[in-house]
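One-letter residues, chain by chain:
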Amino acid sequence: YLKYLSDAHLNLGGTSGMSIEDTFRDVVLLNKMKGVIFNHPPIIGGVGGATGKYYNTRYSKRIKEVLRSKLVKMNPSFKDLFNCG
């Protein structure tokens, strides 16, 4: 984290419309990082910092996230981005 992502927030702001997630993605791709995505999507609760909205943690939403993760992991282009397993 310290080597690649600790300064990523400096690229935010202005009218670019980029989120911290967009910036992290760009850093991961630029540096050809591997194993940076959880095998199982985390359950995130609370309020989003950028939007001020509560995260949707309903069971149906969590199932969709698991299915989406499995589909992405099956794509050979993204396989190396996931942790071992």
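Residues numbered from 1 in each chain as written. Predicted model: local features only at pLDDT ≥ 70, side-chain atom pairs only at ≥ 80, totals over all residues. Heavy atoms only, no water.

S.K.: Can you help me understand the overall build of the chain in this one?
M.R.: Across its full length, the chain carries two helices and zero strands. Its C-alpha atoms give the chain principal-axis dimensions of roughly 35 × 30 × 20 Å. Every one of the 85 residues in the chain was classed for burial, and the buried ones make up 14%. Here the chain has roughly 7,100 Å² of accessible surface; of this, 60% comes from carbon and sulfur atoms. Taking the average location of the 13 positive side-chain charges in the chain and that of its 6 negative ones, the two points are 10 Å from each other. (Helix = DSSP H or I, 4+ residues; strand = E, 2+ residues; numbered from the N terminus. Buried < 20%, exposed > 50% of the residue type's maximum accessible area, 1.4 Å probe, protein only. Areas by Shrake-Rupley, 256 points an atom, 1.4 Å probe, with all protein chains shown as cover. Lys, Arg positive; Asp, Glu negative; His and termini not counted. Charge placed at Lys NZ, Arg CZ, Asp CG, Glu CD.)

S.K.: Would you mind going over a nonpolar patch on the surface with me for this structure?
M.R.: Taken together, the side chains of Tyr59, Ile63 and Leu67 present a nonpolar region at the surface, about 320 Å² in accessible area. By secondary structure assignment, the location of isoleucine 63 is in helix α2 (residues 59-74). Given a relative accessible area of 35%, isoleucine 63 falls into the partly exposed group. (Patch = residues over 30% accessible without salt bridge, like charges linked within 9 Å, V, L, I, M, F, W, Y side chains within 5 Å. Salt bridge = Lys/Arg side-chain N within 4 Å of Asp/Glu carboxyl O.)

S.K.: Can you help me understand helix α1 (residues 20-30) in this one?
M.R.: Along an α-helix, residues three or four positions apart point the same way, because every turn accommodates 3.6 residues. Along α1, the residues classified as buried are Thr23, Val27 and Val28. Buried positions in α1, seen along its axis, are confined to an arc of 140° and lie on one side of it. Opposite the buried face of α1, by more than 90 degrees, sit the exposed residues Glu21 and Leu29. Looking at the residues trailing α1, positive phi occurs at lysine 32, about 50°. (Arc of directions from axis to C-beta.)

S.K.: When you look at the nonpolar core in this model, what are you seeing that I'm missing?
M.R.: Across soluble globular proteins, you tend to see nonpolar side chains buried next to one another. Judged by nonpolar contacts, Leu5, Ala8, Val27, Val28, Met33 and Leu81 together constitute the single largest core of six residues. When residues no more than four places from it in sequence are discounted, the contact partners of valine 28 are Met33, Val36 and Leu81. (Core = buried A, V, L, I, M, F, W, Y, C linked by side-chain atoms within 4.5 Å. Contact = heavy atoms within 4.5 Å.)

S.K.: Teacher, can you tell me more about the side chain of serine 69 here?
M.R.: Among the structural elements, serine 69 can be located in helix α2. Discounting chain neighbours no more than four positions away, the residues touching serine 69 are Phe38, Asn39, Pro41 and Phe82.

S.K.: Can you walk me through unusual backbone geometry in this structure?
M.R.: Glycine aside, negative phi is the norm for most residues, and most peptide bonds take the trans geometry. Residues other than glycine seldom take positive phi values, yet lysine 32 does so here, at roughly 50°. Within the secondary structure layout, lysine 32 lies in the loop between α1 and α2.

Scope: geometric values only; no functional claims are made or implied.
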